[in-house]
Amino acid sequence: MTGDQLLPLPRPVRPSAAETAERYVHRLAEANHLRPSYLRQLLTTPPNSLGPIQLDKLAALAGRDPAVLVRALPELAPRTRTPGRTRENEARKTLNEQRKRERFAAIRYDARLGMSIRTLATKHHVSRRTVNKALQSEIPPPRKKIERQPTVLLGLREYIDAMLQADPAITAATIWQRLHDEHDATPSYPAVRTYITTRRTTRPPSARLIDETPAAPASRQLANAPPLAATQEATIRLLHLAFLEIRVLTAAAHDNESAESLEQRRERANEIADICHDLTPWLDPAAATA
């Protein structure tokens, strides 16, 4: 094999309809006593890169007709792009954003008329969370991107993590080669590169103390503690539920209600009142120690 001329390998391998193109290249390399990563890099354009497998080069090395390979491995078929598809997608996104803005404006208008959150959600066919977002901001928040781990790396992440831990400066190409040659795996290079980039940019949060001075132990808080606004909102909801239950427990007694049942209701109401009373030093530790 010299230059761009590729000759058939000595031992041909029949492709199977139940395998991927990456696995077929792996079997072809093993049958001809070649490193899978070496043969895989020969099938790209330019050679020795980590791009997609080229059908014509694989057909030349395997000694098979390209149409036969495409029937067995449909992923190798040339992809055709529909003209104008990108512009249609952009136009659809713009239209959806405009509709969200109009819906938010309608929700805010009806809210000024005195409608409740439940009524707004029912009228506009949205959730209460969406209603709250519309009342907080006129601009709809952007959609959150769902980060999915590629399934091709199932069972390989621990090996990749071990390589990164042993050599933090190791390249994604080196890890990709080791996975192909040493672990009998066939992941694509983009999947390996994306996973490595994610592992290097995201670190697990460490639980450290904000105030380490021994003079004020009550002011120590974990760095990953919930925000103050979220804590206050949760406390307000708990107090609201507590007051509702106290109102039910202290309602007028029925004629057939026993004295023991009344005493249990009274004890339950007192217990809830004590819990609400103890929330004050928990929310303001400085007031409790003063």
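Residues numbered from 1 in each chain as written. Predicted model: local features only at pLDDT ≥ 70, side-chain atom pairs only at ≥ 80, totals over all residues. Heavy atoms only, no water.

Colleague: Just to check I follow, could you spell out the overall build of the protein for this structure?
Modeller: Scanning the protein for helices and strands turns up 13 helices and zero strands. When the helices and strands of the protein are read in sequence order from the N terminus, they spell out α-α-α-α-α-α-α-α-α-α-α-α-α. Counting all 290 residues of the protein, 25% fall into the buried class. Pairs at least 24 residues apart make up 46% of the contacts formed inside the protein by residues separated by at least 6 positions. (Helix = DSSP H or I, 4+ residues; strand = E, 2+ residues; numbered from the N terminus. Buried < 20%, exposed > 50% of the residue type's maximum accessible area, 1.4 Å probe, protein only. Contact = heavy atoms within 4.5 Å.)

Colleague: When you look at the environment of Asn 32 in this model, what are you seeing that I'm missing?
Modeller: Structurally, the position occupied by Asn 32 is in the loop between α1 (21-31) and α2 (36-42). Look at Asn 32 and you get buried, because its relative accessible area is 11%. On a C-alpha basis, the gap between Asn 32 and Pro 10 in space is 6.9 Å, while along the polypeptide they are 22 residues apart. When neighbours within four sequence positions are excluded, Asn 32 is seen to be in contact with Leu 9, Pro 10 and Arg 11.

Colleague: When you look at the pattern of salt bridges in this model, what are you seeing that I'm missing?
Modeller: Side-chain pairs of opposite charge can arise where the charged atoms are in close proximity. Following the criterion strictly, the structure yields seven salt bridges and no others. Residue Arg 27 pairs with Glu 19 through a salt bridge whose shortest N-O separation is 2.8 Å. Overall, the relative accessible area of 13% leaves Glu 19 in the buried class. (Salt bridge = Lys/Arg side-chain N within 4 Å of Asp/Glu carboxyl O.)

Colleague: How do you make sense of the side chain of Lys 57 when you look at a structure like this?
Modeller: Mapped onto the elements of the fold, Lys 57 is located in helix α3 (residues 55-62). Classification of Lys 57 as buried rests on a relative accessible area of 15%. Within the structure, the side chain of Lys 57 is placed 2.6 Å from the backbone oxygen of Thr 44, a separation counted as a polar contact. Beyond its immediate sequence surroundings of up to four residues, Lys 57 is in contact with Leu 6, Leu 42, Leu 43, Thr 44, Thr 45 and Pro 47. (Polar contact = N/O pair within 3.5 Å; in protein donor to acceptor, adjacent residues only side chain to side chain.)

Colleague: Would you take a moment to explain the environment of Val 192 for this structure?
Modeller: Counting through the fold element by element, Val 192 comes out in helix α10 (residues 189-201). Once the C-alpha coordinates of Val 192 and Leu 156 are considered, the two residues, 36 residues apart in sequence, prove to be 9.6 Å apart. Leaving out residues up to four positions away in the same chain, Val 192 has contacts with Leu 153, Ala 172, Ile 175, Trp 176, Leu 179 and Pro 187.

Colleague: Could you clarify how one ought to interpret unusual backbone geometry in this entry?
Modeller: Residues apart from glycine generally show negative phi values, whereas peptide bonds are mostly found in trans. Going from Thr 45 to Pro 46, the amide bond is cis rather than trans, its omega being 0°. Looking at where Pro 46 falls in the secondary structure, it is placed in the loop between α2 and α3. Backbone geometry at His 125 places phi at a positive 60°, although glycine is not the residue there. Here His 125 shows up in the loop between α6 (117-124) and α7 (128-136). Of note in this structure, Asp 184 is not a glycine but carries a positive phi near 55°. Along the chain, Asp 184 turns up in the loop between α9 (172-182) and α10.

Colleague: Would you mind going over the nonpolar core with me for this structure?
Modeller: Grouped burial of nonpolar side chains is what soluble globular proteins tend to show. Tyr 24, Leu 28, Leu 39, Ile 53, Leu 58 and Leu 76 are the most contacted members of the largest nonpolar core, which totals 21 residues. Listed by contribution, the elements that provide at least two residues to this core are α1, α2, α3 and α4 (66-72). Beyond its immediate sequence surroundings of up to four residues, Leu 28 is in contact with Leu 9, Arg 11, Val 13, Leu 39, Leu 58 and Ala 62. Residues Ile 170, Leu 179, Tyr 189 and Tyr 195 belong to the second largest nonpolar core, which totals 15 residues. (Core = buried A, V, L, I, M, F, W, Y, C linked by side-chain atoms within 4.5 Å.)

Colleague: Help me understand the side chain of Asp 110, please; the structure alone is not making it clear to me.
Modeller: By the secondary structure assignment, Asp 110 is in helix α5 (residues 85-112). At a separation of 2.8 Å, a polar atom in the side chain of Asp 110 contacts the side chain of His 124. For Asp 110, the residues in contact, after removing those within four places along its chain, are Met 115, Leu 120, Lys 123 and His 124.

Colleague: So what exactly am I meant to see when it comes to the packing of α6 against α7 here?
Modeller: If you want to describe how two helices pack, look at the angle between their axes and the distance between the axes. At a minimum axis distance of 9 Å, the contact between α6 and α7 shows a crossing angle of 105°. Classified by the angle between their axes, α6 and α7 sit roughly perpendicular to one another. Contacts between α6 and α7 involve Ile 117, Arg 118, Leu 120 and Ala 121 on the former and, on the latter, Arg 128, Val 131 and Asn 132. In terms of residue class, the contact of α6 with α7 is built from four nonpolar, one polar and two charged. (Axes fitted to C-alpha atoms, helices over the stretch in contact; angles between N-to-C directions. Parallel < 35°, antiparallel > 145°, perpendicular 65-115°, else oblique. Nonpolar A, V, L, I, M, F, W, Y, C, P; charged D, E, K, R; others polar.)

Colleague: It is not clear to me how α3 should be interpreted in this structure. Could you clarify?
Modeller: Helical geometry note: an α-helix holds 3.6 residues per turn, so side chains three or four residues apart project in the same direction. Extensive coverage of α3 is indicated by the burial of six of its eight residues. All buried positions along α3 are accounted for by Leu 55, Lys 57, Leu 58, Ala 59, Leu 61 and Ala 62. On its buried side, α3 packs onto α1, α2 and α4. Among the residues trailing α3, Gly 63 stands out with phi positive, at a value near 70°.

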